[in-house]
Amino acid sequence: MNPREFSLSIENKTLTASFTTLAERANGSVILRYGTTALLATAVMSENKKESADFLPLTVEYQERYYAIGKILGNRYQRREGKPSDAAILCGRVVDRTIRPLFAAHIRNEIQVVITTLAIDPADAARMPCLAVIAASLALSTSNIPWNGPVGTALVETDRLKLVACGKGGTLNMVECGTKGAATGTTGTTAAPSELSEKEVAAALASAQKEVDRIEAFQADIVREMGVEKRVVNALSIPPVLRSTFDSEIALKLVQRLFTRAAGDAQMEALRSEWLATAESVVANSVGTKFSNIRSLAGALFEEAVNEALHTEAIERGRRTDGRKLTDIRPLFAEAGGISPRLHGSGLFYRGQTHIFTALTLGGPHEGQITEGEHSPNDEGKQFIHHYNFPPFSTGETGKLGGTNRRMIGHGALVEKSFAAVLPAKTLFPYTIRLVSEAFSSNGSTSMASVCASTLALMDGGVPITRPVAGISCGAMTRVEKDAHGQTFLKYVLLTDIQGPEDHYGDMDFKVAGTIAGITAVQMDIKTEGMPVALLVEALERARVARLQILKTMEKAIAAPRTRLSPYAPRIEKMMIDQRHIGILIGPGGKTINGIKKQSGLQNIDVSDNGEVVLVGENGSTEKAKALILSVLR
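Now for the overall build of the protein. Counting secondary structure elements, the protein contains 14 helices and 23 strands. Taken over the C-alpha trace, the protein has a radius of gyration of 27 Å; the compact-globule value for 634 residues is 26 Å, and the two agree within 12%. Scored against the burial criterion, the 634 residues of the protein give a buried share of 53%. Sequence separation of at least 24 residues holds for 71% of the intrachain contacts in the protein that already meet a minimum separation of 6. For the protein, the exposed surface amounts to about 28,700 Å²; the carbon and sulfur share of it is 51%.

Turning our eyes to something else, we now look at the pairing of strand S17 (residues 470-482). Relative to strand S19 (residues 508-515), S17 runs antiparallel, the two being bridged by 7 bridges. Note that in S19 the partner of Ala476 across the bridge is Met508. Judged from the 9 bridges that link them, S17 and strand S18 (residues 488-496) form a sheet pairing that is antiparallel. Paired with Met477 across the strands is Val493, a residue of S18.

The next point concerns the sheet that holds S19. Spatial strand order, S7-S8-S9-S20-S19-S17-S18: 7 strands in an open sheet with antiparallel pairing. Bordering the open sheet on either side are strand S7 (152-157) and S18, each of which pairs with just one other strand. Each neighbouring strand pair of the sheet contributes to a mean axis angle of 20°, computed without reference to strand direction. Each of strand S8 (161-168), strand S9 (171-179) and strand S20 (518-526) is contacted by helix H1 (residues 86-99), which is oriented at about 150° to S9, the strand it contacts most.

Time to look at the pairing of strand S2 (residues 13-19). Of all 7 residues that make up S2, 5 are buried, and the element is covered over most of its length. Sheet topology places strand S1 (residues 4-10) next to S2; 7 bridges connect them, and they run antiparallel. Among the inter-strand pairings, Glu5 is bridged to a residue of S2, identified as Ser18. Here S1 folds back onto S2 in antiparallel fashion, the turn holding 2 residues, of which Glu11 has a positive phi close to 50°. Here 4 bridges tie S2 to strand S3 (residues 28-34), and the two strands are oriented antiparallel to one another. Each residue of the ladder has a partner; that of Leu15, found in S3, is Tyr34.

What follows covers unusual backbone geometry. At the junction of Gly149 and Pro150, the peptide bond is cis and its omega measures out at 5° in the coordinates. One non-glycine residue with positive phi stands out, namely Asn12, at about 65°. Note that Asn12 resides in the loop between S1 and S2. A residue is classified by how much of its surface remains accessible, and Asn12, at 79% relative accessible area, is exposed.

As a packed pair, helix H8 (residues 406-419) and helix H9 (residues 446-460) sit with axes 10 Å apart at the nearest point and diverge in direction by 50°. For the element pair H8 / H9, the angle class is oblique. Judged by the sense of rotation from one axis to the other, the crossing of H8 with H9 is right-handed. Residues Arg407, His411, Leu414, Val415, Ser418 and Phe419 of H8 touch H9, and the partners they reach there are Thr446, Ser447, Met448, Ser450, Val451, Ser454, Thr455 and Leu458. Classifying every residue of the contact of H8 with H9 by side-chain character gives 6 nonpolar, 7 polar and 1 charged.

Attention now moves to the environment of Arg127. By the element assignment, Arg127 lies in the loop between strand S6 (109-119) and helix H2 (128-141). A relative accessible area of 13% means that Arg127 is categorised as buried. Discounting residues that sit within four places of it in the chain, Arg127 has contacts with Ile10, Glu11, Tyr34 and Leu155.

Overall, the prediction assigns the protein a mean pLDDT of 91, with 94% of residues at 70 or greater. Segment residues 181-191 is flagged for pLDDT under 50; beyond a separation of four residues in sequence, or across chains, it makes 30 contacts in the model.

Moving on: helix H14 (residues 621-633). Because each turn of an α-helix spans 3.6 residues, side chains separated by three or four positions end up pointing in the same direction. The terminal C-alpha atoms of H14, which comprises 13 residues, lie 18 Å apart, in line with the 18 Å expected from a rise of 1.5 Å per residue. All buried positions along H14 are accounted for by Ser621, Thr622, Ala625, Leu628 and Ile629. Each buried residue of H14 sits inside an arc of 120° when the element is viewed along its axis, so together they form one side. The inward-facing, buried residues of H14 abut strand S21 (571-576), helix H12 (582-586), helix H13 (591-600) and strand S23 (612-617).

Each value, and the rule that gives it
Residues numbered from 1 in each chain as written. Predicted model: local features only at pLDDT ≥ 70, side-chain atom pairs only at ≥ 80, totals over all residues. Heavy atoms only, no water. Helix = DSSP H or I, 4+ residues; strand = E, 2+ residues; numbered from the N terminus. Rg over C-alpha atoms; globule rule 2.2 N^0.38 Å. Buried < 20%, exposed > 50% of the residue type's maximum accessible area, 1.4 Å probe, protein only. Contact = heavy atoms within 4.5 Å. Areas by Shrake-Rupley, 256 points an atom, 1.4 Å probe, with all protein chains shown as cover. Pairing = 2+ DSSP bridges. Axes fitted to C-alpha atoms, helices over the stretch in contact; angles between N-to-C directions. Parallel < 35°, antiparallel > 145°, perpendicular 65-115°, else oblique. Left-handed = near helix turned anticlockwise from the far one by under 90°. Nonpolar A, V, L, I, M, F, W, Y, C, P; charged D, E, K, R; others polar. pLDDT = per-residue confidence, 0-100. Expected span 1.5 Å × (residues − 1). Arc of directions from axis to C-beta.

Laid out in structure tokens, this is it:
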């Protein structure tokens, strides 16, 4: 194999990048070791373009291997790895969100990056997204695939937060941040605030930037020695007649219809159709049938014009498509309950055309979700669960229903992270909590609206969260310009509460969730190569102001958690028995305890070794079971 190896020290462990012939047929590959953890990353690019694609056809796969942790998992009948765990999907999304902005937008060749776990030290679980990013970055950077890397990455952990950031060139292009102990369901307190201040997050971002720069420099040295010449993928050449026709026939109409003080989707689609028909006619008459991909060319020109108009109007004139000021939030509506009394709790939250319904279901401790995998095995059960659904009708489209995609899993995880700081401790509220957010209408930032609707549902259901949580997305329109001395600088404006066009064509989606006391979660995705930390710090403050405004609207709907649970929610009762009597209560083969469960109508009885008995049931079944238990033991 004759490996070439390069090493760097990170947190008292050695990171080693090993280049071998193991995956010889891939365009680029690397084995990355960190202590006893090892990953293989490969990058492959197709020879030919995918003609049907109208966007970059990039896929990122993070493959868990059970052998990597030395366990035979699965079930009795299936010992093979199945579908990726949520943790694996989230890790792959971090890689995707980091590397995607560094590809030229015109590439239509299929590109696939695969990260395969070979060996995992459980102590490195928190660092796996960073290791995956470094491995993918090296596989791409040393290959002939055109990609503007490498990228650095950093993990910042304190006793209060965990932050993963990636970037290059003194900027960041991906951020994930949350309070420590995110989404375990066992954190939360009624004492001092667990939320993070804007200063804490800003300091973590600045610290991350330093480490990102160091990791990038390490990789840059490797690329200088191991890199090969990149393939050239030319952008589509737009015929001059097509561009001149667009300028004379469509350009003025586009600006007028784009800035309609509404979403403008229907008008824009009508204009797009008009343009495509015009383009086909004009080009066919002037240059014959040579341009078989005329619709693709015309569509690219239309997208380019919309993107330029949105940027120019926002940066130069502070103008937005719906007439709002840069700091304005769309009209808000909040309601706690109201759908049906049978639900354990529910919330409705509207922000403009983004409408979210969230339902709460409470269950006993035994109903927590057992997780299996190399990142986050949880034998006790995950007791705070948020699921996010995005049906096609939410955007006025048709499509396949059922199942989940990676976006749904990512948004669900982000909402879970947003509540980690405010959840009641298990000893105070021993229920398993499941939230389901339905995006019934979507026009930008449904994830942050799901945070708001989830807060309403939790408080409507009587879950004693310490403080309400709200979320908002802050966008940006940027442009690189030169000053009088020829020095380049980033000119930008921030946009509070981005909607559809600003999300699709804008350069940043900076999501911030938190309470009146501070931040609980941050997530950033961008379409450019990177954003300076100073811009992100400014966005944190913009988000804080908006969050407080949203919290006031939510407070009008419900000011505090209700003092009683829904009559349809199960009740949990606890009692202590003498440890010597546990065997008597259970009975031979569980006969006694199962009989009590059946006779009382309980959902579940759980007996701990210390003599604690937890009863879960409805309609007075817990009181009946308690009496039966006392009778048996008497």
